[in-house]
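Close look at the chain arrangement
Below, each chain spelled out in residue letters.
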Amino acid sequence: MSRNPALGVVAAGAAIALLSACGAGPGSTRGASADDGRPDELVFAAIPSEQSDNLEASFAPIVSALQKDLGVPVRFQAVTSNAAVVEAQVAKRVDVAVYGAFSYYLARSRADVEPVAVPLAAPGGEPGAYAYGVTRGDDKSITSLKDVAGKDVCFTDPGSTTGYLQPLASLREAGVDVDKDVKTVFTHGHDTAVASLLAGDCDLAFVGDVFIDQLLPARGQLKPGQVTKVWTSPLIPGPPVVVGSWLPQDVRDKISKTVTGLTATGAASAGLCKGSEIKGPKNWGQYADASACTLGTSTAWTFVKATDATYQPIARICEITKAEVCTSGG
């Protein structure tokens, strides 16, 4: 897998922009705090997602709940990339952040941070997501990963856990060498991977489960029978809510308690998203069609506690793939 030097320049530039937006340059210390070391403001950062058209509005219920429970302003920052958020946390300029599971695995060795929560997609659900391998509905030539050799394969992005890294690990375990046995197509998006598959640009596409099960059908971009699932990954831990360990322990505990205490329908009942409520999706069971708030960029029902151990599956992916991003940050 080749490395694009421009990516590092873009990430560094985005990080500097974030640091400046937070009120200081990259070499500065954190701004004013109370005499007891407690911050008088928290900075909450997240990156854009294909799953949300309005990033700040998606996180507004969480930000509002944190402000209420912590008693300090929480300033939201939209950031261009996972790498930029990580760099800002290395510099202790972002107190709370949401980024990909793989990015957390990279951040943990560089930034003084810890995960405190992970989203659940539905009541009684699991704290993570699955990657799917899908074919066109009329293509019967692939029924398992062992059949992928000699085929054209759509991945999303080299840094995507569901769209590339977990599938890469599973293909290797199945005896398929992606460098030699398949033609690789990077589509740079889950929705575009499915579109490329349907257009005939590849024989198999790897995408996150939410796009196949919920988002694309809801948008009218995927009709029943258009694709067939031929592979499902092990559970991949979801994007963590990551806090700076420099915050006092009781503040970190309150952040965890607040976030894990939210439900999408409870947030709506509390008036945390007046005017921008959504209807609960079908996978919410008894809460389907109920008035709800968005809790981040995915259609999360709630959050549960997370620890570093929650993200050990990412370590296994690195052991199998030896991917460059496991050490370089891509």
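Residues numbered from 1 in each chain as written. Predicted model: local features only at pLDDT ≥ 70, side-chain atom pairs only at ≥ 80, totals over all residues. Heavy atoms only, no water.

1. Digging into the pattern of salt bridges
Taken as a whole, this structure holds eight salt bridges when the rule is applied. Taking the shortest distance from any N to any O, the salt bridge between glutamate 41 and arginine 75 comes out at 3.0 Å. Of this pair, glutamate 41 sits in the loop between α1 (5-21) and β1 (42-46) while arginine 75 sits in strand β2 (residues 74-78), and the two are 34 residues apart along the sequence. Residue classification places glutamate 41 among the partly exposed positions, given a relative accessible area of 25%. Lysine 229 serves as the salt-bridge partner of aspartate 213, at 3.7 Å between the closest nitrogen and oxygen. Within this pair, whereas aspartate 213 is found in helix α8 (residues 209-218), its partner lysine 229 is found in strand β10 (residues 227-232), the two being separated by 16 residues in sequence. Residue classification places aspartate 213 among the partly exposed positions, given a relative accessible area of 41%. (Salt bridge = Lys/Arg side-chain N within 4 Å of Asp/Glu carboxyl O. Helix = DSSP H or I, 4+ residues; strand = E, 2+ residues; numbered from the N terminus. Buried < 20%, exposed > 50% of the residue type's maximum accessible area, 1.4 Å probe, protein only.)

2. Let's talk about the sheet that holds strand β9 (residues 204-208)
Across the sheet, which stays open at both edges, the five strands sit in the order β8-β7-β9-β6-β10 with mixed pairing between neighbours. At either end of the open sheet lies a strand with only one pairing partner, and these are β8 (183-186) and β10. The sheet shows a mean angle of 30 degrees between the axes of neighbouring strands, taken without regard to direction. Of the strand pairs in this sheet, strand β7 (residues 152-155) and β8 are connected by four bridges, and their pairing is parallel. The partner of aspartate 152 across the bridge, within β8, is lysine 183. Helix α7 (residues 190-198) rests against β6 (131-136), β7, β9 and β10 of the sheet, and its axis sits at about 160 degrees to β9. The sheet strands contacting α8 are β6, β9 and β10, and the helix crosses β9 at an angle near 75 degrees. (Pairing = 2+ DSSP bridges. Axes fitted to C-alpha atoms, helices over the stretch in contact; angles between N-to-C directions. Contact = heavy atoms within 4.5 Å.)

3. Here we look at the packing of α7 against α8
Orientation of α7 relative to α8, taken along the N-to-C sense of each, is 90 degrees, at an axis distance of 11 Å. In terms of their interaxial angle, α7 and α8 are classed as roughly perpendicular. Contact residues: His190, Asp191 and Val194 in α7; Phe211, Ile212 and Leu216 in α8. (Parallel < 35°, antiparallel > 145°, perpendicular 65-115°, else oblique.)

4. Topic: helix α9 (residues 249-260)
Look at α9: 16 Å from first C-alpha to last across 12 residues, which is about the 16 Å you get at 1.5 Å a residue. Summarising the contacts, the buried residues of α9 are in contact with β1, α2 (55-70), β3 (96-98), β4 (113-120), β12 (241-244) and β15 (302-305). (Expected span 1.5 Å × (residues − 1).)

5. Regarding the confidence of the model for the protein chain
Mean pLDDT over the protein chain works out to 87, with 86% of the residues at or above the 70 mark. Between residues 1-32, whose pLDDT stays under 50, and residues either more than four places distant or in other chains, the model counts 48 contacts. (pLDDT = per-residue confidence, 0-100.)

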